[in-house]
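Coordinate inspection notes
One letter stands for each residue in the lines below.
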Amino acid sequence: MEIDERVAELDREPVGHRFKGMPWDAAGLTVGELTAQRRDLFGGGFGTPVLVLSEEALDHNLELLERFTADHGLSFAPHGKTSMAPQLFARQLAHGAWGITVAVPHQIRVCREFGVRRIFLANELVDAAALRWIGEQLDGDPSFELTTYVDSVRGVELMDAALRAAGVRRPLDVVVELGGGEGARTGVRTEKEGTAVAEAVAAAGTLRLVGVAGYEGEVPAASPETVRAWLRRLVALASGLDAAGLLADAEEIVVSAGGSAWFDAVAEELADLPEFSRPVRKLLRSGAYVTHDEDHYSKVTPFNRIPDEGALEPAFRLWTQVVSRPEPEQAFLNAGKRDAPYDLGLPQVAVIRSARTGELRAPAHGVRVARLSDQHTWLTLPHDEPLEVGDWVGLAVSHPCTTFDKWQLIPATRGTEVTAYIRTFF
């Protein structure tokens, strides 16, 4: 069954107490039935807090990265761990994505459940139970493609042993991960180590080496110069493995990089590759672009450096209500750490909706989020700010990855009309 058919089945899921922010009178309805009602966000009975996704911004971001990757000759496997939303995976694939990237075995399982055929696991996989399941998937579906990292000889030994014990017939495609540098995250630190890992793969009959990969966002003291230097090392590692005959079994050679902060450098450094023995797939894996944000990613997006190529739009708004203003310069909202991310910056007050008139307005200068409790947002504000109990406050949030994982069902709007509900699987 194709991914569009699988995600359509989500419409049959009942709306109920599991999902924060849903209308109180929606109990007994399915998601599809609620969607068909096209409720108004503010007049349709939604509770607060409620996280909302802008369809207009989402469409814009999907189209922008589709155009960017096509213009630069890149394949695209957006990182699915950002949203873990199969409906968004389907849209990304419809906008030209080659496949979906994930980080852990559970995320592979979600992708497979919803019919994703190409999966790139940006991590070394040494879980024997997961490898056995993946082997069953590979053997049972010739159209299924999975590529995973390797960064150690020991990891190769564990993978080979698990796949042999499971009697897997199809080889598992792997890429050598090059680390960002000394003290960075995972990945081999030197080209010599990378070659040793590649040689171990060649000696393991259950694995097939198809290329190299890494994450330039982990380069220490990342700058245009250090990131580009690391990318040149990545290309050189691929070239060296190819020259040594260690990629001879690959149908195509994968060279993969690209988070959400340096994909302009990735595009430029992969534009002119040395000659390889077979076709090369230049694979970008950015994920946060899909919703972007108004804080962290708005500061680090490559489009700040290449404004002629476009600009991403923030797609999230966390709507809350004022539940207390106990002092003239202090107010509290009914959302907190359970609802909003705070690892890459606190939320910011973006817009206020009057409970009396429904009027939307920008906050007065000086209205800011001071801290978060589990279920409260602490605001400081000027004493003459007219914010009052019952007003709706729209928060801008920072970091898409830790926004999505707090919400299982997210209303998506065009204007103020709710046109879809996005289901997440964390």
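Look a little higher up for the structure.
Now for a look at the structure at hand.

So, how was this worked out
Residues numbered from 1 in each chain as written. Predicted model: local features only at pLDDT ≥ 70, side-chain atom pairs only at ≥ 80, totals over all residues. Heavy atoms only, no water. Axes fitted to C-alpha atoms, helices over the stretch in contact; angles between N-to-C directions. Helix = DSSP H or I, 4+ residues; strand = E, 2+ residues; numbered from the N terminus. Parallel < 35°, antiparallel > 145°, perpendicular 65-115°, else oblique. Left-handed = near helix turned anticlockwise from the far one by under 90°. Contact = heavy atoms within 4.5 Å. Nonpolar A, V, L, I, M, F, W, Y, C, P; charged D, E, K, R; others polar. 1 Å grid on protein atoms, 1.4 Å probe; cavity = no way out; pocket = protein on both sides within 12 Å on 5 of 7 lines; lining within 4 Å. Points joined across faces, edges and corners; volume = space filled by probe spheres on them. Pairing = 2+ DSSP bridges. Salt bridge = Lys/Arg side-chain N within 4 Å of Asp/Glu carboxyl O. Buried < 20%, exposed > 50% of the residue type's maximum accessible area, 1.4 Å probe, protein only. Patch = residues over 30% accessible without salt bridge, like charges linked within 9 Å, V, L, I, M, F, W, Y side chains within 5 Å. Areas by Shrake-Rupley, 256 points an atom, 1.4 Å probe, with all protein chains shown as cover. Lys, Arg positive; Asp, Glu negative; His and termini not counted. Charge placed at Lys NZ, Arg CZ, Asp CG, Glu CD.

Here's the deal with the packing of helix α5 (residues 105–113) against helix α6 (residues 128–140)
- Viewed as axis vectors pointing N to C, α5 and α6 meet at an angle of 25°, and their least axial separation amounts to 11 Å. If you check the angle between α5 and α6, you find them roughly parallel. By crossing handedness, the relation of α5 to α6 is classed as left-handed. Counted together, P105, I108, R109 and R112 of α5 and A130, W133, I134 and Q137 of α6 form the full contact between these two elements.
- Taken together, the residues of the contact of α5 with α6 break down into five nonpolar, one polar and two charged.

Observations concerning empty space enclosed by the protein
- Counted according to the given criterion, the structure contains two cavities of 30 Å³ or more.
- Roughly 50 Å³ of internal volume is contained in the largest cavity.
- Taken together, the residues of the lining of the largest cavity break down into two nonpolar, three polar and three charged.
- When its volume is computed, the second largest cavity comes out at roughly 40 Å³.
- Lining the second largest cavity are L62, L65, E66, F76, P78, Q92, H95, A97 and Y289.

A few points about the sheet that holds strand β6 (residues 172–177)
- A sheet is described by the order of its strands in space; here eight strands give the open sequence β2-β9-β8-β7-β6-β5-β4-β3, paired in parallel fashion. Two strands close off the open sheet at either side, each with one partner strand: β2 (75–76) and β3 (100–102).
- Pairing of strand β8 (residues 253–257) with strand β9 (residues 280–284), which is carried by five bridges, proceeds in the parallel orientation. Across the sheet, residue V254 finds its bridge partner in β9, namely R281.
- Across the sheet, helix α9 (residues 224–243) lies against β6, β7 (207–213) and β8, angled at about 165° from β8, the strand it touches most.

With respect to the pattern of salt bridges
- Tallied over the entire structure, the rule returns 28 salt bridges.
- Residue E13 pairs with R423 through a salt bridge whose shortest N-O separation is 3.0 Å. Linking E13 in the loop between α1 (3–8) and α2 (31–36) with R423 in strand β18 (residues 417–423), this pair joins segments that are 410 residues apart in sequence. Pair check on accessibility: E13 and R423 agree, each one buried.
- Across the pair E55 and R414 runs a salt bridge, and its minimum N-O distance is 3.9 Å. Separated by 359 residues along the polypeptide, E55 in helix α3 (residues 55–71) and R414 in strand β17 (residues 409–414) bring together distant segments of the chain.

So, the pairing of strand β12 (residues 348–353)
- Relative to strand β16 (residues 392–396), β12 runs antiparallel, the two being bridged by five bridges. What sits directly across from V349, in β16, is L395.
- With two bridges joining them, β12 and strand β13 (residues 360–361) adopt antiparallel strand pairing. Each residue of the ladder has a partner; that of I352, found in β13, is R361.
- Adjacent in sequence and paired antiparallel, β12 and β13 are bridged by six residues, among which G358 carries a positive phi angle near 80°.

Quick word on the layout of surface pockets
- By volume, the largest pocket amounts to about 550 Å³.
- H79, K81, R185, Y215 and G259 are, among the 26 residues lining the largest pocket, the residues nearest its centre.
- Counting residues per element, the ones that place at least two in the lining of the largest pocket are β4 (118–124) and α11 (296–300).
- Broken down by element, the lining of the largest pocket gets its largest block of residues, three residues, from α11.
- Its residues assigned to classes, the lining of the largest pocket comprises ten nonpolar, twelve polar and four charged.
- The calculated volume of the second largest pocket comes to roughly 310 Å³.
- Lining the second largest pocket are 14 residues, and of these E145, D173, R208, V210 and E251 lie nearest its centre.

Observations regarding a negative patch on the surface
- Taken together, D4, E5, E9 and E113 make up a surface patch of like negative charges.
- Here E113 is to be found in helix α5.

A few points about the side chain of R208
- Its location among the elements puts R208 in strand β7.
- The contacts of R208, once residues within four sequence positions are left out, are P171, L172, D173, V174, V201, D249 and E251.

Regarding unusual backbone geometry
- The amide bond that connects T48 to the next residue, P49, takes the cis arrangement and shows omega of 0°.
- Locating P49 in the fold gives a position in the loop between α2 and β1 (50–54).
- The phi dihedral of M84 falls on the positive side, at around 45°, and the residue is not glycine.
- Its place among the elements puts M84 in the loop between β2 and α4 (86–94).
- Owing to a relative accessible area of 0%, M84 belongs among the buried residues under this scheme.
- In this structure, H399 is a non-glycine residue whose phi angle is positive, near 90°.
- With respect to the helices and strands, H399 occurs in the loop between β16 and α12 (401–404).
- Residue class for H399 comes out buried when judged on its relative accessible area of 11%.

Any functional reading would require information beyond the geometric quantities listed.
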